[in-house]
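Structural characterization, general
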Number of protein chains: 2
Amino acid sequence: MAQPALDFWFDFASTYSYPAAMRIASLAATNGVTVRWRPFLLGPIFKAQGWATSPFNLYPAKGRHMWRDLERVCAALDLPFTRPDPFPQNSLLAARAALVALANIWGESYCRAIYRAEFCEGRNIEKPDTIEEILENLGQDAKAVLERAGSTNIKSQLREQTDEAQRLGIFGSPSFVTAGGELFWGNDRLEAALDWVRR
Amino acid sequence: MAQPALDFWFDFASTYSYPAAMRIASLAATNGVTVRWRPFLLGPIFKAQGWATSPFNLYPAKGRHMWRDLERVCAALDLPFTRPDPFPQNSLLAARAALVALANIWGESYCRAIYRAEFCEGRNIEKPDTIEEILENLGQDAKAVLERAGSTNIKSQLREQTDEAQRLGIFGSPSFVTAGGELFWGNDRLEAALDWVRR
């Protein structure tokens, strides 16, 4: 019988997606759940709600709590944390490259490396150089991956994936969606989502 | 030595405050933490952010997820759940009466009974009748409590408490604040807040 499956929807700019990305592989393995990594862009979804930037910037009290809470969450998980500057970072190129990467065995390692660069190492993932270096560290042909990331095919794949996220009712990142369409939002709902698919 | 203490800030209209209110007393007792119940009004805080109603109404995708998620959260806790109609309910009178109630030994029971009426029994807590009946079931002189709830003293006490919430950086309910000013937002942060005060 096939393993139960869960879709992990994430935007590289999203703060709570960092701890989710760092812990989902081992948690899913422990639970016997297969995870499909689905990068998408929150920007168009936020825009549709009338937000021109992250709600954490639009609502300062909410933002202050989030940064402090994220520090606490990362400390409890023993994850290093550095506040990204600027925030949010434009995740378009990183997401396109992720679509290329995730067709390969090293795709999830690429995604974790992007989050690590942004949220541990204080690097700017908007810059092609950052992404190139990450790809090279994974032993990949960075130029070839980035060229493919800029292709019409990948560009429209990311747009379609973002449209699909919106159709699924996704409004934030990270989100977890079961085969039956059950939606769980937030790093703190990862365990509940895994429990759900194993029922 | 005094027990470690935690302030529990809540608005009776708030959805996730229902499971928080139902479980905080026993969780705090298990952890040896004293909880101070602090009713306040989210309305003025939302208005300061430019919201005329609950963000769950303003952002439908967020709202749809919240109702489904709350069902799941309540099911996992074995708490009955009925979606309140209307939502959000005006919690002004219930909150004023709570300030009267919480000066007495039966105060927390009153608060839980309000949440139960609203989120289990499908009743409207805006109505003085609902609050009167709850007070009577607690063996109290309902007319006297409601008269006191309408006094200038209680009215300004609730305003001051809401101002204090805002000064503490509170932007949602439930919130938990330690003596050192550490702020935790959300039912799903209750355990972390209790851990924090016990450190």
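All values reported here derive from a predicted model rather than from experimental measurement.

1. Regarding the overall build of chain A
In terms of regular secondary structure, chain A is built from ten helices and four strands. Judged by the C-alpha coordinates and their principal axes, chain A covers about 45 × 45 × 35 Å. Put simply, 72% of the contacts in chain A that link residues at least 6 apart link residues at least 24 apart. Working note: accessible area of chain A is about 9,000 Å², and carbon and sulfur atoms make up 50% of it. For chain A, the centre of its 22 positive side-chain charges and the centre of its 23 negative side-chain charges are spaced 4 Å apart.

2. Quick look at the relation of the copies chain B and chain A
It takes a turn of 180° to lay chain B on chain A, together with a shift of 0.0 Å along the axis; the resulting RMSD is 0.0 Å. The superposition of one copy onto the other is thereby described by a two-fold rotation axis. The rotation axis passes nearest to the C-alpha of D188(B) in chain B, at a distance of 3.7 Å. A share of 100% of interface residues in chain B that are also interface residues in chain A marks the association as one of identical surfaces.

3. Some words on the packing of aromatic side chains
The final tally for this structure, using the stated rule, is 35 aromatic pairs over all chains. Taking the centre distance of 5.9 Å and the plane angle of 80° together, the rings of W9(A) and F40(A) count as edge-to-face. With a gap of 31 residues between them, W9(A) in strand β1 (residues 5-10) and F40(A) in the loop between β2 (34-39) and α2 (42-48) connect regions that are remote in the sequence. Overall, W9(A) belongs to the buried group, its relative accessible area being 0%. Their ring planes at 75° and their centres at 6.5 Å tell us that W51(B) and Y59(B) sit as a pair that is edge-to-face. When sorted by exposure, W51(B) lands in the same class as Y59(B), which is buried. Taken together through their ring pairs, the aromatic side chains of F8(A), F10(A), F12(A), Y18(A), W37(A), Y110(A), Y115(A), F119(A) and F176(A) make up a single cluster. A cation sits over an aromatic face here: R199(A) above W196(A), 3.7 Å from the ring centre.

4. Regarding the nonpolar core
With 54 residues, the main nonpolar core has F8(B), F12(B), Y110(B) and F176(B) as its most contacted residues. Among all residues touching F12(B), those that are not within four sequence positions of it are S91(B), A94(B), A95(B), A98(B), Y110(B), C111(B), I114(B), Y115(B), E118(B), F119(B) and I125(B). In terms of nonpolar packing, the next biggest core, distinct from the first, is built from 52 residues, F8(A), V100(A), A149(A) and F184(A) among them.

5. Overview of the interface of chain B and chain A
Note on interface size: it is often stated as the accessible area lost on association of the parts. Taken together, the contact between chain B and chain A spans 20 residues of the former and 20 residues of the latter. Here chain B and chain A share an interface that buries about 2,000 Å² over both sides, 52% of which is from carbon and sulfur atoms. Contact with chain A buries surface across chain B, with H65(B), R72(B) and R189(B) losing the most and accounting together for 27% of the total. For R189(A), the salt bridge goes to D69(B), with nearest N and O atoms at 2.8 Å. Between chain B and chain A we count 15 residue pairs in polar contact (both at pLDDT 80 or more) in total.

6. Points about unusual backbone geometry
Of note, the amide linkage connecting F87(A) to P88(A) takes the cis form, showing an omega dihedral of -10°. The step from D85(B) to P86(B) runs through a cis peptide bond, and the omega angle for that step is 5°. In this structure, P86(B) sits in the loop between α4 (60-76) and α5 (92-101). Although it is not a glycine, D78(A) adopts a positive phi angle of roughly 60°. Turning to its location among the elements, D78(A) is positioned in the loop between α4 (60-76) and α5 (92-101). A relative accessible area of 72% places D78(A) in the exposed class.

Rules used in this analysis
- Residues numbered from 1 in each chain as written.
- Chains lettered and ligands numbered in written order.
- Predicted model: local features only at pLDDT ≥ 70, side-chain atom pairs only at ≥ 80, totals over all residues.
- Heavy atoms only, no water.
- Helix = DSSP H or I, 4+ residues; strand = E, 2+ residues; numbered from the N terminus.
- Contact = heavy atoms within 4.5 Å.
- Areas by Shrake-Rupley, 256 points an atom, 1.4 Å probe, with all protein chains shown as cover.
- Lys, Arg positive; Asp, Glu negative; His and termini not counted.
- Charge placed at Lys NZ, Arg CZ, Asp CG, Glu CD.
- Least-squares fit on C-alpha atoms with pLDDT ≥ 70 in both.
- Phe/Tyr/Trp six-rings, centres within 6.5 Å; stacked < 30°, edge-to-face > 60°.
- Buried < 20%, exposed > 50% of the residue type's maximum accessible area, 1.4 Å probe, protein only.
- Lys NZ or Arg CZ within 6 Å of the ring centre and 35° of its normal.
- Core = buried A, V, L, I, M, F, W, Y, C linked by side-chain atoms within 4.5 Å.
- Buried area = accessible area lost by both parts, 1.4 Å probe.
- Salt bridge = Lys/Arg side-chain N within 4 Å of Asp/Glu carboxyl O.
- Polar contact = N/O pair within 3.5 Å; in protein donor to acceptor, adjacent residues only side chain to side chain.

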